[in-house]
Amino acid sequence: MYSVLEKFIRSKGEISSEKIEIITSCFQPANTKRNEILLQYDEVCKWYYFINKGCIRLFTTTKDGTDSSRYFAFEGNFATALPSFIDQKPAQEYLQTIEKSELLRISRKDFYLLVETVPEFAKIYTEILELGFIIAQKRIYGFQGFDALERVKWLIEYQPQLLLRVSNRMVASYLGISPSTLSRIKSKL
């Protein structure tokens, strides 16, 4: 159950087996169903998730009930509603598994204890934050001025797994286009 997490940690640099054991002992397994909500809009985020198998989506819903997907994470990655996890205020977004998933979760208390006591884990956290920031910036600034075709091409280049594993409706909401526009563009590519 912990082999994917251990592999992820080891891929980030030299770390002793003892420290790997300390880190993994703070995570607990959580198996979910497809489309299970892990965090409601008005809840405070208490968990950081590592995905062994499956996919997590972070999204909001407009007043008319339309979803707007903000982030997707697949196997071998972390996911949470980070602003709520950090400041302990209501999330104002949802966290959902879109596939049957095998997760490892760590509480906020244990997460920050590891950040403070295991320098290798603090480094991993910094890398996660930096990567998330870069992807968000590329998406935000890249989409400014992009038409629908350019957005789909961007997705093919930077996040192709979304087109393979996520519904057209969710991908379209991530790209800020309609599902029919996405289908039309995909059929031409």
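Here the structure is a predicted model, which is why all the values come from computation and not from measurement.

Caption draft 1: Representation of the nonpolar core within the structure. By size, the foremost hydrophobic cluster in this structure holds 36 residues, and its most contacted members are Ile-9, Ile-23, Phe-27, Tyr-48, Ile-56, Phe-78 and Phe-111. With sequence-adjacent residues up to four places away left out, Tyr-48 is seen in contact with Phe-78, Ala-79, Thr-80, Leu-82, Phe-85, Leu-104, Arg-105, Ile-106, Phe-111, Tyr-125 and Ile-128. If you look at the next biggest cluster of nonpolar residues, it comprises 19 residues, including Phe-74, Leu-155, Leu-163 and Tyr-174.

Caption draft 2: A look at the sheet that holds strand S5 (residues 67–74). Taken in spatial order, the 4 strands make up an open sheet running S2-S7-S4-S5, and their pairing is antiparallel. Strand pairing shows two members of the sheet lacking a second neighbour, strand S2 (36–39) and S5, which therefore form its edges. Strand-to-strand, the axes of this sheet are offset by a mean angle of 30°, without reference to chain direction. Two strands pair when backbone bridges link them, and S2 and strand S7 (residues 94–97) are joined in this way by 3 bridges, in the antiparallel orientation. When the sheet's bridge partners are listed, Glu-36 is paired in S7 with Thr-97. In this fold helix H8 (residues 168–175) packs onto strand S4 (55–61), S5 and S7, with an angle of close to 105° to the strand it touches most, S5.

Caption draft 3: Highlighting helix H6 (residues 148–158). By the burial criterion, the buried members of H6 are Arg-151, Val-152, Trp-154 and Leu-155. Projected down its long axis, H6 carries its buried residues within an arc of 155°, all on one side. Packing partners of the buried residues in H6 comprise helix H5 (119–143), helix H7 (161–165), H8 and helix H9 (179–188). The distance from a side-chain oxygen at the start of H6 to the backbone nitrogen of Leu-149 is 3.2 Å, and the residue carrying that oxygen is Asp-147.

Caption draft 4: Representation of the environment of Pro-119. With respect to the helices, strands and loops of the structure, Pro-119 is situated in helix H5. Note on Pro-119: relative accessible area 54%, which makes it exposed. In sequence terms Pro-119 and Phe-72 are 47 residues apart; their C-alpha atoms lie 27 Å from each other.

Caption draft 5: Just the UniProt feature "domain: Cyclic nucleotide-binding" (unreviewed entry) in the protein, in detail. The feature "domain: Cyclic nucleotide-binding" (unreviewed entry), as given by UniProt, occupies residues 33–116 in the numbering adopted here. With 18% helix and 46% strand, residues 33–116 has its two end C-alpha atoms placed 33 Å apart.

Caption draft 6: Geometry of the packing of H8 against H9. At a closest axis distance of 8 Å, the pairing of H8 and H9 adopts a crossing angle of 100°. Relative to H9, the element H8 lies roughly perpendicular. Residues Asn-168, Arg-169, Val-171, Ala-172 and Leu-175 of H8 lie in contact with H9, whose contacting residues are Pro-179, Leu-182, Ser-183 and Lys-186.

Basis of the calculations
Residues numbered from 1 in each chain as written. Predicted model: local features only at pLDDT ≥ 70, side-chain atom pairs only at ≥ 80, totals over all residues. Heavy atoms only, no water. Core = buried A, V, L, I, M, F, W, Y, C linked by side-chain atoms within 4.5 Å. Buried < 20%, exposed > 50% of the residue type's maximum accessible area, 1.4 Å probe, protein only. Contact = heavy atoms within 4.5 Å. Pairing = 2+ DSSP bridges. Helix = DSSP H or I, 4+ residues; strand = E, 2+ residues; numbered from the N terminus. Axes fitted to C-alpha atoms, helices over the stretch in contact; angles between N-to-C directions. Arc of directions from axis to C-beta. Polar contact = N/O pair within 3.5 Å; in protein donor to acceptor, adjacent residues only side chain to side chain. UniProt positions renumbered as here; feature names shortened; annotations may be inferred. Parallel < 35°, antiparallel > 145°, perpendicular 65-115°, else oblique.

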